[in-house]
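# Breakdown of the fold
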Amino acid sequence: DTEVTQTPKHLVMGMTNKKSLKCEQHMGHRAMYWYKQKAKKPPELMFVYSYEKLSINESVPSRFSPECPNSSLLNLHLHALQPEDSALYLCASSQGGYGGGNTEAFFGQGTRLTVV
Amino acid sequence: GQSLEQPSEVTAVEGAIVQINCTYQTSGFYGLSWYQQHDGGAPTFLSYNALDGLEETGRFSSFLSRSDSYGYLLLQELQMKDSASYFCAVRDRAGGFKTIFGAGTRLFVKA
């Protein structure tokens, strides 16, 4: 199994809503990532988890809250988002933990988020 | 900080060879990766270079020169399905082993 599974595939939410994005991998990878991608732009790193601990937060606003319940799961909790937060949110995983190992990252298909 | 430069667009014909260049500036260079992304799809890993030289994987090859802070992706025997965006990405140990993506090169393959 070389898949990273993200749910939901599409999400429309109001600015006062609370929602969560979910990501799952069963490849035994110890690093998991959230990226945000706007149309025709590269993925922008948001968070990195290594061995289930948050190792990098790229100064992401607190309305985005990541959570790593176990080594296979990664969540992104959303609250009080703004319309400019509408984007494709990508989850990725890689074998190595913080600092090394195989750096090939496997990406999920993403959640296309629209904030209205 | 980090910065990467790659051409915004490249057009080539089926069967041809195309090279997509990437130059980078980073304080803690660890390696250079290449990803392919089709419209509406997820980025897919193509190759990774940590050391100078050429890595070959089927029709795709990637080259790195650390002294020149330069790399390229070479695509041979182009097919229509190769039309996609190609991102170079630097793995940087400064600030904690991040992978930072370049702006991407949109490749158009014509018949």
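Just so we're clear, the structure is a prediction, and the values are computed from it rather than from any experiment.

Looking only at helices and strands, chain A features zero helices and 11 strands. Since a compact globule built from 116 residues should have a radius of gyration of about 13 Å, the 13 Å found for chain A is in line with a globular shape. Referenced to the eigenvectors of the C-alpha coordinate spread, the extents of chain A come out at roughly 40 × 25 × 25 Å. Relative to all contacts within chain A whose residues are 6 or more apart in sequence, the contacts with residues 24 or more apart total 55%. Carbon and sulfur atoms make up 49% of the accessible area of chain A, which amounts to about 5,600 Å² in all. Side chains of chain A carry 12 positive and 10 negative charges; the gap between the two charge centres is 7 Å.

Residues and elements named next belong to chain A. With antiparallel pairing, four strands are arranged side by side in an open sheet as β1-β3-β8-β7. Two strands bound the open sheet, and with one partner strand each, they are β1 (4-7) and β7 (64-70). Along the sheet, successive strands turn relative to each other by an average axial angle of 20°, direction set aside. For strand β3 (residues 18-25) and strand β8 (residues 73-79), the ladder comprises seven bridges, and the chain directions are antiparallel. The residue of β8 that forms the bridge with Leu21 is Leu76.

Rules and cut-offs
Residues numbered from 1 in each chain as written. Chains lettered and ligands numbered in written order. Predicted model: local features only at pLDDT ≥ 70, side-chain atom pairs only at ≥ 80, totals over all residues. Heavy atoms only, no water. Helix = DSSP H or I, 4+ residues; strand = E, 2+ residues; numbered from the N terminus. Rg over C-alpha atoms; globule rule 2.2 N^0.38 Å. Contact = heavy atoms within 4.5 Å. Areas by Shrake-Rupley, 256 points an atom, 1.4 Å probe, with all protein chains shown as cover. Lys, Arg positive; Asp, Glu negative; His and termini not counted. Charge placed at Lys NZ, Arg CZ, Asp CG, Glu CD. Pairing = 2+ DSSP bridges. Axes fitted to C-alpha atoms, helices over the stretch in contact; angles between N-to-C directions.

Geometric values such as these leave the question of function open.
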